[in-house]
Amino acid sequence: MSKNDIKVALIGNPNTGKTSLFNQLTGLNQKVGNYPGITVDKKEGVSKLSSTQNAIITDLPGTYSINPTSLDESIVLKTLLKKDIKESPDVILVVADVENLKRNLLLFSQIKDLEIPTVLAINMVDQMDRKGITIDVSLLQKELNTEIVLISARKNEGIQEVKEAIIRCHVAAKASPLCGINHKIDPDYFDALKVISPNYSLYELWLMVTQNNYPDSITKEEKDKLVAFKKDISKLKRYQHKETIYRYQEINKILKKTYIVDKTKAKDLRSKLDKVFTHKIFGYVFFVFLLLLIFQSIFDWASFPMDLIDGTFAEFSSYVKSNLPSGIFTDLLTEGIIPGIGGVLIFIPQIAILFMFIAVLEETGYMSRVVFLMDKIMRRFGMNGKSVIPLISGTACAIPAIMATRTISSWKERLITILVTPFTTCSARLPVYAILIALIIPDTKIFGFLNLQGLVLLSLYALGFATAIIAAYILQKTLKIKTKSFFVVEMPNYKLPSVKNVFFEVVEKTKSFVFEAGKIILALSIVLWFLASNGPSSFDNAEKNTIENVANQNLSDDELQQKIASAQLENSYIGILGKTIEPTIKPLGYDWKIGIALITSFAAREVFVGTLATIYSVEADDEDTSTIKQKMASEINPDTGKNRFNFPVGMSLMVFYAFAMQCMATLAIVKRETKSWKWPLIQMFGMALLAYVSSLITFQILS
Ligand code: GDP
Ligand code: MG
């Protein structure tokens with residue numbers, strides 16, 4: 001960023017096309033950052049306005065007015081009031097939707113009164129003919145005392161004009177209030193306010209008082225004077241109310257002269273589609289069908305690129321291993337770093353596919369109908385109509401599912417959805433369930449046709465969903481998070497999705513996963529690798545001792561390697577940890593070997609099977625688990641002399657994996673999405689506690 005770049009803030013009501021315009025202006029020169037201390041993403045990009053002039057554009061969250069009712073909206077206010085810091089905008093670009101101009105102009109009129117240079121972009125003008133709208137632009141320009149550009153962000157029309165207007169506006173740097181609104185309400189009162197500081201416009205001072213939001217640059221003395229205005233709170237409220245009424249009166253007056261809608265021209269495709277999509281029966285049928293499609297695609301279609309990534313990294317790792325001199329560095333590279341990066345990238349297909357769907361649903365306007373359909377049901381459990389999508393996608397994988405909560409605008413509803421989504425049965429649990437079910441549930445039919453093993457698996461899915469819902473209900477009652485229940489269900493018009501917007505959405509989500517959650521996943525996987533492949537002196541002797549111990553057994557090379565791997569794991573730091581926790585997990589029916597598998601499978605649940613295979617020194621293959629299954633079936637519990645993996649232990653383990661978080665990628669993504677370590681840690685320990693207690697009860701009752 002260079003010093004003479006113009007800082008431009010994009011502001012507007014939700015769904016007016018801010019992001020579309022942002023994409024047109026900046027192309028791929030975007031990055032997502034953080035607003036300090038809160039959970040909302042900050043999108044910034046560079047736009048080339050002319051051959052000599054660049055602009056830094058910020059896409060602010062959608063807001064209906066400058067008086068915030070939500071966290072998202074408060075960012076807009078904060079950005080505008082911080083005149084002093086480097087982030088404050090030079091020019092404001094207000095984006096309005098031509099079909100809802102009146103409502104959009106309320107926000108515009110407030111911004112205008114801040115006396116910051118402002119350009120008004122009236123978007124979606126491609127719809128004007130169809131809706132029978134005509135605008136007298138030059139008169140409107142004069143009345144609003146501002147630069148106006150008619151644009152279609154979707155059709156890439158008027159973008160150049162926007163750029164030129166920004167430059168003109170910046171050069172002129174003139175900014176006058178729209179109507180001096182407050183002054184007319186009570187001249188004496190507002191004159192007294194105005195004289196407090198010459199550095200701020202009257203409206204800014206008024207906002208500081210009413211919104212209790214003071215910029216850092218304000219002096220102590222000025223602040224004291226402003227605070228004094230809060231004494232008569234009822235007057236304050238009355239004037240705020242008057243202000244809104246007055247603004248609407250002015251806007252109406254102006255629009256009457258400049259904005260004409262010929263109702264007979266407006267065709268009504270929308271109401272026909274709404275009849276279907278929000279229908280009491282068809283609406284749900286269509287939605288279920290859509291969920292199945294999404295589910296199918298992240299489960300099935302994603303598996304091909306995922307296998308490809310998996311295979312490529314495995315090959316790359318063994319290629320590097322055989323081409324570098326052996327040593328600690330090579331081990332770190334081939335067993336820690338390369339598989340770790342592969343373990344991050346493996347999530348990309350699912351994330352990309354899910355976000356392609358979500359972007360299309362948002363773009364077409366269908367998502368608002370989902371909220372309409374599902375909100376009543378989900379709200380009872382403290383969630384949002386949109387929570388259905390994460391909960392269903394969670395059956396494939398919690399990572400894309402948790403990212404999908406970003407479309408939920410209420411922070412409390414979003415947080416609850418994030419916290420409960422990992423309870424749904426993700427595909428990483430399947431290998432664990434599959435092997436345990438095969439071991440402890442007989443392969444018989446009940447009622448002549450129902451396969452008992454299948455039924456148990458189905459119950460585990462049901463258990464996951466039920467737990468998610470119950471947990472959400474409890475969290476709703478216990479989480480103390482203030483949310484204003486101010487709720488506008490706005491149904492945007494149906495639109496064909498813009499390919500560009502969908503593409504940018506997918507790129508942005510993938511990037512934010514790889515670079516933010518990815519770091520944590522990589523770091524954790526290297527730590528786990530280190531702990532599993534290093535240990536105290538007994539680790540160093542494991543290989544030598546094993547070779548001596550089995551010298552007379554005539555083992556094949558493979559068998560010998562398996563025995564060594566097993567001995568090394570047993571004597572590694574993780575092995576020692578597994579043994580240390582044995583007393584704690586004994587009441588659940590587990591021994592130290594299972595303990596080791598519990599620890600390693602924190603990387604990802606499916607690692608459980610592979611770890612047991614290593615410990616039992618047998619071959620474990622992703623496709624063929626029969627050897628490890630046999631080994632588990634014949635494993636004896638020395639205390640009882642009976643099978644280790646009997647019914648109570650198997651059930652206890654399945655319950656454990658149903659409830660425990662056991663997934664470092666989930667930990668990482670929750671950290672990314674909530675922007676703090678607080679929630680992922682609460683979630684991890686909460687789920688672990690629930691898992692422990694439930695498994696304990698299960699084992700004790702069954703045995
Ligand atoms: P934001 O919420 O303000 O960021 O708005 P978006 O950029 O996400 O756009 C909301 C919807 O309006 C999307 O479905 C866009 O494809 C659509 N849209 C944006 N600009 C135009 C336009 O110029 N014409 C039409 N017809 N639709 C548009
Ligand atoms: Mg947007």
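Residues numbered from 1 in each chain as written. Chains lettered and ligands numbered in written order. Predicted model: local features only at pLDDT ≥ 70, side-chain atom pairs only at ≥ 80, totals over all residues. Heavy atoms only, no water.

Under an unreviewed UniProt entry, the name given to the chain is Ferrous iron transport protein B, and the source organism is Polaribacter aquimarinus.

### Topic: a nonpolar patch on the surface
We apply this condition: What makes a patch is a set of residues exposed beyond 30% relative accessible area and free of salt bridges, joined within 9 Å when like-charged and within 5 Å when nonpolar (Val, Leu, Ile, Met, Phe, Trp, Tyr). We get accessible surface area from the Shrake-Rupley algorithm with a probe of 1.4 Å; when it comes to residues, only the shown protein chains can shield them. When a carboxyl oxygen of Asp or Glu lies within 4 Å of a side-chain nitrogen of Lys or Arg, that pair is called a salt bridge. Secondary structure follows DSSP: runs of H or I at least 4 residues long count as helices, runs of E at least 2 residues long count as strands, and numbering of each begins at the N terminus. Three exposure classes are used, based on accessible area relative to the maximum for each residue type with a 1.4 Å probe and protein chains only: buried under 20%, partly exposed in between, and exposed over 50%.
Taken together, the side chains of Phe 647, Leu 689, Val 693, Ile 697, Ile 701 and Leu 702 make up a nonpolar region of the molecular surface, amounting to roughly 560 Å² of accessible area. A total of five residues in the nonpolar patch trace back to one element, the largest contributor, which is helix α33 (residues 678–702). As for its position among the elements, Leu 689 is in helix α33. Relative accessible area serves as the criterion here: at 57%, Leu 689 is assigned to the exposed category.

### A few points about the domain arrangement of the chain
Where we set the bar: Where each domain begins and ends is defined by an automated method or by a domain database. Whether two residues touch is decided by their heavy atoms; if any such pair falls within 4.5 Å, the residues are in contact. Once two parts are put together, the accessible area they lose, assessed with a 1.4 Å probe and summed over both, is termed the buried area. We define a polar contact as two N or O atoms separated by no more than 3.5 Å, with the added condition that, inside protein, one atom must be a possible hydrogen donor and the other a possible acceptor, whereas residues neighbouring each other in sequence contribute only through side-chain atom pairs. The classification used treats Ala, Val, Leu, Ile, Met, Phe, Trp, Tyr, Cys and Pro as nonpolar, Asp, Glu, Lys and Arg as charged, and all other residues, Gly among them, as polar.
Partitioning the chain into structural domains gives domain 1 (1–266), domain 2 (282–478) and domain 3 (499–702). Averaged C-alpha coordinates put domain 2 and domain 3 at centres separated by 20 Å. The interface is formed by 47 residues belonging to domain 2 together with 47 residues belonging to domain 3. In this assembly, domain 2 packs against domain 3 so that about 4,200 Å² is buried in total across both faces, 81% of it on carbon and sulfur atoms. The interface formed by domain 2 and domain 3 includes three salt bridges. For Arg 406, the salt bridge identified is with Glu 508, shortest N-O distance 3.8 Å. Taken together, the links from domain 2 to domain 3 amount to ten residue pairs in polar contact (both at pLDDT 80 or more). For the side of domain 2 that touches domain 3, the secondary-structure elements that each account for two or more residues are α15 (328–345), α16 (348–364), α19 (398–403), α20 (411–420), α21 (429–440) and α22 (452–478). Element by element, the count of residues in the side of domain 2 that touches domain 3 is highest for α21, at ten residues. Class assignment for the residues of the side of domain 2 that touches domain 3 results in 38 nonpolar, three polar and six charged.

### A few points about the site of ligand 1
Condition: Think of it this way: one heavy atom of a residue within 4 Å of a molecule or strand is enough to make that residue near it.
In the vicinity of ligand 1, 18 residues are found, and the nearest of them are Lys 18, Thr 19, Ser 20, Asp 126 and Glu 363. Take Ser 20: an N or O atom from its side chain is 2.6 Å from an oxygen atom of ligand 1. Taking Gln 127, its side chain carries an N or O atom lying 3.0 Å from a nitrogen atom of ligand 1. When the free accessible area of ligand 1 is taken as 580 Å², the share hidden by the protein chains comes to 91%. When residues of the shell around ligand 1 are assigned to their parent elements, the largest contribution, three residues, is made by helix α1 (residues 18–26). Among the residues making up the shell around ligand 1, the classes are represented as three nonpolar, ten polar and five charged.

### Examining the environment of Thr 146
Topologically, Thr 146 is positioned in the loop between α5 (137–144) and β8 (147–150). For the pair Thr 146 and Leu 178, spaced 32 residues apart in the sequence, the C-alpha separation amounts to 9.0 Å. Every residue in contact with Thr 146, bar those within four places of it in the chain, is listed here: Phe 108, Lys 112, Thr 118, Leu 120 and Gln 141. Here Thr 118 takes part through its backbone oxygen, which lies 2.9 Å from a polar atom of the side chain of Thr 146.

### Things to note about helix α6 (residues 159–172)
What counts, and what does not: For a helix, the expected span equals 1.5 Å multiplied by the residue count minus one. It is the directions from the helix axis to the C-beta atoms that the arc portrays.
Look at α6: 20 Å from first C-alpha to last across 14 residues, which is about the 20 Å you get at 1.5 Å a residue. Those residues of α6 that fall on the buried side of the exposure criterion are Ile 159, Val 162, Lys 163, Ala 165, Ile 166 and Cys 169. Here the buried residues of α6 occupy an arc of 165° about the axis, which is enough to place them on one side. If you follow the buried residues of α6, they end up packed against β1 (6–12), α1, β3 (41–48), β5 (91–97), β6 (118–123) and β8. Looking one or two places after α6, you find Ala 173, whose phi comes out positive at around 50°.

### Brief notes about the packing of α21 against helix α30 (residues 626–634)
Worth spelling out the cut-off: Fitted lines through C-alpha atoms give the axes, limited to the stretch in contact for helices. The angle between two N-to-C directions lies from 0 to 180 degrees. To sort the angles, those under 35 degrees are grouped as roughly parallel, those over 145 as roughly antiparallel, those from 65 to 115 as roughly perpendicular, and the leftovers as oblique. Whether a crossing is left-handed or right-handed is set by the direction in which the near helix is turned from the far one by less than a right angle, anticlockwise for left-handed and clockwise for right-handed.
Two elements in contact, α21 and α30, have axes whose closest approach is 10 Å; the angle formed by their N-to-C orientations is 50°. Here α21 lies oblique to α30, going by the angle between them. You can see that α21 and α30 cross each other, and the crossing is right-handed. Each of Ile 435, Leu 436, Ala 438 and Leu 439 in α21 lies in contact with α30, whose residues at this interface are Ile 628, Lys 629, Met 632 and Ala 633.

### Examining the environment of Lys 223
The residue Lys 223 is located in helix α10 (residues 220–228) in this model. With 48 residues separating them along the chain, Lys 223 and Ala 175 place their C-alpha atoms 25 Å apart. In this structure, Lys 223 is in contact with Tyr 214 and Ile 218, ignoring residues within four places of it in sequence.

### Details of the pairing of β6
Defined as follows: Strand pairing is defined by DSSP finding a minimum of two bridges between the two strands. Place the viewer so that the strands point away; then a crossover is right-handed whenever the path from the first strand over the helix to the second strand goes clockwise.
Here β6 lies mainly inside the structure; six of its six residues are buried. On β6, burial covers both faces: Thr 118, Leu 120 and Ile 122 on one face and Val 119, Ala 121 and Asn 123 on the other are all buried. When β5 meets β6, the two strands line up parallel, connected through six bridges. When the sheet's bridge partners are listed, Asp 97 is paired in β6 with Asn 123. Taken together, β5, helix α3 (residues 101–113) and β6 form a β-α-β motif whose crossover is right-handed. In the sheet, β6 pairs with β8 via four bridges, with the strands oriented parallel. Opposite Ile 122, over in β8, you have Leu 150 as the bridge partner.

### Details of the nonpolar core
The tendency in soluble globular proteins is for nonpolar side chains to be buried side by side. The criterion, for reference: Take the buried Ala, Val, Leu, Ile, Met, Phe, Trp, Tyr and Cys residues and link them wherever side-chain atoms come within 4.5 Å; each set so joined is a nonpolar core.
Counting residues in hydrophobic clusters, the biggest one holds 110 residues, and the most contacted among them are Val 420, Phe 513, Tyr 590, Phe 608, Ile 628, Phe 645 and Leu 653. Inspection of this core shows a minimum of three residues originating in each of domain 2 (282–478) and domain 3 (499–702). Other than its neighbours up to four places away in sequence, Val 420 contacts Met 383, Leu 391, Ala 468, Ala 471, Ala 472 and Leu 475. In terms of nonpolar packing, the next biggest core, distinct from the first, is built from 55 residues, Ile 11, Leu 114, Leu 144 and Leu 226 among them.

### Considering the packing of aromatic side chains
Cut-off, in case you're wondering: Working definition: rings of Phe, Tyr and Trp (its six-membered ring) pair if their centres are within 6.5 Å, and the pair is stacked with planes under 30 degrees apart, edge-to-face with planes over 60 apart, and tilted otherwise. The criterion for a charge sitting over a ring is simple: Lys NZ or Arg CZ within 6 Å of the ring centre, and within 35 degrees of the ring normal.
Across all of its chains, the model carries 18 aromatic pairs by this definition. Relative to Tyr 366, the ring of Phe 286 has its centre 5.4 Å away and its plane inclined at 75°; by these criteria the two rings are edge-to-face. Here Phe 286, found in helix α13 (residues 282–301), pairs with Tyr 366, found in helix α17 (residues 366–379); they are 80 residues apart in sequence, far enough to count as distant. Since its relative accessible area comes to 5%, Tyr 366 is described here as buried. Between the aromatic rings of Tyr 590 and Phe 656, the centroid separation amounts to 6.4 Å while the plane-to-plane angle is 90°, which identifies the pairing as edge-to-face. Of this pair, Tyr 590 sits in the loop between α27 (582–585) and α28 (592–600) while Phe 656 is found in helix α31 (residues 647–659), placing the two residues 66 residues apart along the sequence. Joined through ring pairs, the aromatic side chains of Tyr 189, Phe 190, Trp 206, Phe 229 and Tyr 239 make up one cluster. The cationic tip of Arg 247 hangs over the ring face of Tyr 203; the distance from NZ or CZ to the ring centre is 4.7 Å.

### Considering the pattern of salt bridges
In total, this model carries 23 salt bridges according to the counting rule given. Put simply, Asp 375 and Arg 379 hold a salt bridge, and the shortest N to O gap is 2.9 Å. Note that Asp 375 and Arg 379 are positioned in helix α17 at a spacing of four residues, about one turn of the helix. With relative accessibility at 7%, the residue Asp 375 sits in the buried group. One salt bridge connects Lys 593 with Glu 635, and the closest N-O pair in it is separated by 3.2 Å.

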